[in-house]
Each structure stands twice: as structure tokens, then as C-alpha cells.
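Take a look at the letters that make up each chain.
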Amino acid sequence: MSTIQVKITASPELSDILVAELGEIQFDIFEDSESGVIAYCPEVDFSAEALTEIMSRYGLETYETNRIEKQNWNEVWESNYDPIRIEDLVLIRASFHPSEPGFQMEVVINPKMSFGTGHHETTSLMTKALFNVDLTDKSVLDAGTGTGLLAFVAKKRGAGFVRGFDIDEWSVENSIENAGLNGCEEIPFGLGTITDEDEREYDVLLANINRNILLAEMADYAARIKSGGLLFLSGFYTEDIPLLLESAEKQQLNFIAQASKNNWACLQLRKKS
């Protein structure tokens, strides 16, 4: 299956809006660029007309569209994928990178087409946040798992039951592959959104997605967190924090802590007991 790549020049604020808009027309993988955002959509789901309508609506007349063959993607990411070192906490590397000493944890990720290698600020923020809480024997739900990275970090930090899901079938396949590389084969990964999950309550819920989806799904997150449980959110800018906190407070989710990196933010919340 080939993939359509669209490179868009836009401000950070507009890029955030475009991620939500493009998500409505089957674009499911996004990455930041120096000039804006790069979006990916399976070719079978791509609609040039729908893309043109969104670009016209926001006055974006110039953007680049490319077709990427699936079989060529591994060569692309292998040539550009460097290990990530998060302080002395985690080394995130691909299977073709050598191990390195001096880290509390090592996670092996072969990302292929999935988001969540640790290179993006939000994934790094969420990973670091998991080292600030005791996850021993806790149940953890990773919403929008991408490569499965956060699920693996939680499991390696002592979590008991861990589950991840994503709307992208390729991400689910990739997470299962990566689980084998990390000795985390017991983690179940499923296809769908938070509304497709059963009503099981978790001690910790992780959601690194984007602002609009987080706002739309806040009540669903709260419903799946135990009383006194934790919610970690990222995928938005620091200026979005008040909006996220307002939505969270309506669901009895109270602010605990925040962190930021290059204007990207991460929030830690606790469900009222």
C-alpha cells in the first residue's frame, strides 16, 4: 500500500488546526517540519478534492504532494533515524543501532510509518513524565499508541496490565512488532479510538494526540480512569494549556504538574477521589 505525503507551509497555530482538519479526511500520521507540517494518508483513502477544499479554506495555495512507496520507506527512516537519549533515563534506538551503557532503560523501536519514535518533543515529554510516578503493578492505557513506545516504557517501569490502541492499522501492526523487540509481547494492541474501548478503568491513561481530539475525548478518558488515577496529556502547545485544563476540570480531573519543550506541553492530571 502506497502513502500520500503532503508538505504544508504554515504557522505553528495553523499547523495544529490543519492536523485536526486533515484527520477528518483520513490523514493519520503527522510530523512537524521547520516550515509547518507534513501529513500522511494511505493512498486508497486519499481524496485530492477534499485536500484542495481544506487548503483553499485556509488560503494555502502552495503545498507539495508526493506518493511514497511502502517498500521504500524502511530505507528512508533507517538513513534518518538516530538514537534518542532522554537524559540518563532512556535510550531509544532502532534494532540496527548498538546498545549504549549509562541509561536506566533501553527501548528498541523500529518506527516505519508510525508516530512515536521519541524524536518529537511531545513523545519525549511523555516518556520523561512516566519516570516521575510510581507505576508498579499499575494498569495503563496508551491512547493513540503509535509505535507502542509509551506502553513499553510503562511496562518496563513496573506497570502490571498495559494496553495500547490506535486508529491506524499500520501503527497497531508496528506496535506488535516492537513489542517483540522489547520483551513486551503480553501487551495487547488494538485498532480503534477511545470510544471503542470497553468500560474498564485504569490507574493511568496516556494520550499524546492533538488538542482538538483531546478536547473531544476528555470525557471518555475520565470515564476510563479510576478514582484517584492519573491522566497524562500531550500533543498541544503551551498556549493551549488553559483550554485543556478547563475541559479537564469539568470531568473532575485536577491539575498536578506540567512540562514544556520548544513550546510543546505535557500535563499531568488526577481524577478526583
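Residues numbered from 1 in each chain as written. Predicted model: local features only at pLDDT ≥ 70, side-chain atom pairs only at ≥ 80, totals over all residues. Heavy atoms only, no water.

Caption draft 1: Region of the structure containing the pattern of salt bridges. Considering all chains together, one arrives at 11 salt bridges under this definition. Its salt-bridge partner being Glu100, residue Arg85 comes within 2.7 Å of it at the nearest N-O pair. Pair noted here: Arg85 is in strand E5 (residues 84-86) and Glu100 is in the loop between strand E6 (90-93) and strand E7 (105-108), with a separation of 15 residues, a long-range link. Accessibility expressed as a relative area gives 46% for Arg85, which makes it partly exposed. In this structure Glu100 comes out as partly exposed when scored by relative accessible area, which is 24%. (Salt bridge = Lys/Arg side-chain N within 4 Å of Asp/Glu carboxyl O. Helix = DSSP H or I, 4+ residues; strand = E, 2+ residues; numbered from the N terminus. Buried < 20%, exposed > 50% of the residue type's maximum accessible area, 1.4 Å probe, protein only.)

Caption draft 2: A look at helix H1 (residues 12-23). In a regular helix each residue adds 1.5 Å, so 12 residues correspond to 16 Å; H1 covers 17 Å between its end C-alpha atoms and thus fits that length. By the burial criterion, the buried members of H1 are Leu14, Ser15, Asp16, Leu18, Val19, Ala20, Glu21 and Leu22. Buried positions along H1 lie against strand E1 (3-9), strand E2 (29-32), strand E3 (36-42), helix H2 (48-57), helix H7 (211-223) and strand E12 (225-237). (Expected span 1.5 Å × (residues − 1). Contact = heavy atoms within 4.5 Å.)

Caption draft 3: Main features of the sheet that holds strand E9 (residues 162-166). Taken in spatial order, the seven strands line up as E10-E9-E8-E11-E12-E14-E13 in an open sheet, and their pairing is mixed. Two strands bound the open sheet, and with one partner strand each, they are strand E10 (189-191) and strand E13 (253-261). If you compare each strand with its neighbour and ignore which way they point, the axes differ by 15 degrees on average. As paired strands, strand E11 (residues 202-208) and E12 are joined by six bridges and run parallel to one another. Bridge pairing links Val204 to Leu230 in E12. Along the sheet, helix H6 (residues 169-181) makes contact with E9 and E10, crossing E10 at roughly 170 degrees. (Pairing = 2+ DSSP bridges. Axes fitted to C-alpha atoms, helices over the stretch in contact; angles between N-to-C directions.)

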